[in-house]
Amino acid sequence: MEGHLKTDVVIIGAGLTGLVTAHYLLKSGISVKIVEKNSRPGGVIQTIREQGFTIESGPNTGVVSHPEIVELFEDLKEDCKIDIANPEAKKRLIWKDGEWHALPSGFLTAVKTPLFSLGDKFRILGEPFRKKGTNPNESIADLVVRRMGKSYLNYAIDPFISGIYAGDPSKLVTRFALPKLYNLEQTYGSFIRGGIKKHSEPKDQRTKKATKEVFSAKGGLQYLIDALVKSIGDENILLNCNEVTVSNDNQVFNISFLMGSIPVSLTSEKVISTAGGKEIEAIFPFIGQKQLKAITQLEYAKIVQVALGYRQWKGIDINAFGGLIPSIEKRRILGVLFPSSFFENRAPKGGALLSVFLGGIKHDEFYSLTDEEIQLLVEEEIGEMLKIKGIKADILKIFRYQYAIPQYTVTSEQRLEAINFVEKEHPGLILAGNIRDGIGMGDRIKQGRAIAEEMINK
Ligand SMILES: Cc1cc2nc3c(=O)[nH]c(=O)nc-3n(C[C@H](O)[C@H](O)[C@H](O)COP(=O)(O)OP(=O)(O)OC[C@H]3O[C@@H](n4cnc5c(N)ncnc54)[C@H](O)[C@@H]3O)c2cc1C
């Protein structure tokens, strides 16, 4: 495919963000080429089917946090179906003092739980009357201790942040990392009052689609990727594109790269990058040093994910979503999900599939362990915690992500300003992906659709 092609839009990256954006642009008749360095589309999403197990190498689940998620599945209904997690397995377990405790889901369980101190249980009654915060860059840890107490931070929020960000609540800034929580306090003055008010506010049909349920695609997230690829067309996704660089000549972008040893270039008036922060410098040499620094200083948590499949499950009852381990408990894993408990057909009948996470921002040393060391560590931790000591998994797979989850820390304001500046200076260029607008799959779908609609409506 040597030579020079012209297209309306070039998207860099065929992960979920790039694919969703392309899907909506093409649907409205705008021509798109996606330029991807890997040999397959999907980015960090990939489903592996082996020996009766359906294993996700990247994300296992998302949350139906925005109507755009449901609408995307409606759009692709011929080729993939949304899979909603079984509500009977929604229990979240938290490890404390050598055993699992269910995270309280109502008033009575909250009163009885040994997870929080008696003082903090009383303290929570005063939460609606506490003053709202005034520091826009307050960390999640400071906010939670101020409103709810230290034991809530240690045994609810810290493990929750490990599960989502693999991050450190004392470094993540609430306004950027959990904007809904920040707005709840700022708008209603309290989480409890805000939660009650929001619950009773009338919702239109579209807003009701954001059910907050846990989702995947039936048969695995790969079906979502495959359906998007089918809609976009293989001919519009260029794989194995190396050394991608963009130049800007009077508002016409030239995107050049190598496919194997063949130089290819595309021209377009619009370029959308969905690449992570560490890639931006090489792709866009024309971005000024000050802005570049603000964007590329974004830190990412390193994650090792280990899938363990058992044909016959002999451990404790795992009819739950998963278990999370508070940092204060000083274990070597962050948490474990039980996908075969909440999605059908993820393991053979009577068996179980586990997905264990380790590493994260507080323990990036685990990323550099050898496979043998990781296997031993996970077998020891899981063996003790799920009472399956000495029983080998029938299938064990290790996946490593050096740039897994971006950390929206105090540098976020500078980064967002820099992105705005660059986009204004270079009309037609959009710096998207997880460097802004949220880290979850739902956020990526929402962002991709919003970018496409803005272009379509211009
Ligand atoms: C281990 C793990 C667990 C996760 N768990 C969850 C979860 O439970 N729930 C949830 O909602 N989300 C989760 N996420 C986050 C979710 O997977 C991501 O938000 C989403 O998949 C990111 O999609 P993306 O397209 O923005 O980025 P990516 O998937 O990273 O795609 C970016 C693409 O751009 C390509 N690219 C990058 N640089 C270049 C370049 N220079 N030239 C050409 N191509 C380039 C990459 O190869 C890649 O294909 C998890 C992520 C990881 C890694």
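Residues numbered from 1 in each chain as written. Predicted model: local features only at pLDDT ≥ 70, side-chain atom pairs only at ≥ 80, totals over all residues. Heavy atoms only, no water.

Considerations on the sheet that holds strand 19 (residues 352-359)
Part 1 of the reasoning: Spatially, 7 strands are ordered 9-8-17-18-19-16-20 in an open sheet, and the strand pairing comes out mixed. Unpaired on one side and paired on the other, strand 9 (99-102) and strand 20 (395-406) mark the two borders of the sheet. Each adjacent strand pair in this sheet contributes to an overall mean axis angle of 25 degrees, direction not counted.
Part 2 of the reasoning: Note: strand 16 (residues 300-310) against strand 20, 9 bridges, orientation antiparallel. Counterpart to A307 in the pairing with strand 20 is K397.
Part 3 of the reasoning: Lying on the sheet, helix 6 (residues 150-165) is in contact with strand 8 (92-96), strand 16, strand 17 (322-324) and strand 20; it crosses strand 8 at an angle near 115 degrees. (Pairing = 2+ DSSP bridges. Helix = DSSP H or I, 4+ residues; strand = E, 2+ residues; numbered from the N terminus. Axes fitted to C-alpha atoms, helices over the stretch in contact; angles between N-to-C directions. Contact = heavy atoms within 4.5 Å.)

A look at the site of the ligand
Part 1 of the reasoning: Around the ligand lies a shell of 29 residues, among which T17, E36, T61, I439 and M441 are the nearest.
Part 2 of the reasoning: Separating a nitrogen atom of the ligand from a backbone N or O atom of T61 is a distance of 2.6 Å.
Part 3 of the reasoning: The protein chains hide 88% of the 1,000 Å² of surface that the ligand would expose on its own.
Part 4 of the reasoning: For the shell around the ligand, the secondary structure elements donating two or more residues are helix 1 (16-27), strand 20 and helix 17 (441-457).
Part 5 of the reasoning: By residue number, the principal contributor to the shell around the ligand is strand 20, which donates 3 residues.
Part 6 of the reasoning: Residues that form the shell around the ligand fall into these classes: 14 nonpolar, 11 polar and 4 charged.
Part 7 of the reasoning: Per-domain counts for the shell around the ligand show at least three residues from each of domain 1 (3-44 + 66-81 + 218-296 + 408-457) and domain 3 (300-406). (Near = heavy atom within 4 Å. Polar contact = N/O pair within 3.5 Å; in protein donor to acceptor, adjacent residues only side chain to side chain. Areas by Shrake-Rupley, 256 points an atom, 1.4 Å probe, with all protein chains shown as cover. Nonpolar A, V, L, I, M, F, W, Y, C, P; charged D, E, K, R; others polar. Domains from an automatic or database assignment.)

Overview of the domain arrangement of the protein chain
Often the size quoted for an interface is simply the accessible area lost on bringing the parts together.
Part 1 of the reasoning: The assigned domain composition of the protein chain is domain 1 (3-44 + 66-81 + 218-296 + 408-457), domain 2 (116-205) and domain 3 (300-406).
Part 2 of the reasoning: If you look at the interface, domain 1 gives 10 residues, while domain 3 gives 6 residues.
Part 3 of the reasoning: The three residues of domain 1 that bury the most area against domain 3 are V44, K278 and I439, which together make up 56% of that side's buried surface.
Part 4 of the reasoning: Our count for the contact surface shared by domain 1 and domain 3 stands at 0 salt bridges.
Part 5 of the reasoning: Counting across the domain 1 and domain 3 interface gives 2 residue pairs in polar contact (both at pLDDT 80 or more). (Buried area = accessible area lost by both parts, 1.4 Å probe. Salt bridge = Lys/Arg side-chain N within 4 Å of Asp/Glu carboxyl O.)

Observations regarding the pattern of salt bridges
Two side chains bearing opposite charge may form a pair once their charged atoms approach each other closely.
Part 1 of the reasoning: According to the stated counting rule, one finds 29 salt bridges in the structure shown.
Part 2 of the reasoning: The closest approach of N and O atoms between R346 and E56, which form a salt bridge, is 3.7 Å. Highlighted residues: R346 in the loop between helix 14 (339-342) and strand 19 and E56 in strand 5 (residues 53-56), separated in sequence by 290 residues.
Part 3 of the reasoning: For R346, a relative accessible area of 1% puts it in the buried group.
Part 4 of the reasoning: The exposure class assigned to E56 is buried, which follows from its relative accessible area of 3%.
Part 5 of the reasoning: Between E185 and R146 there is a salt bridge, and its shortest N-O distance comes to 2.9 Å. With E185 in helix 8 (residues 179-188) and R146 in helix 5 (residues 140-147), this residue pair connects regions lying 39 residues apart in the sequence.
Part 6 of the reasoning: Residue E185 is classed as buried on the basis of its relative accessible area, which comes to 1%. (Buried < 20%, exposed > 50% of the residue type's maximum accessible area, 1.4 Å probe, protein only.)

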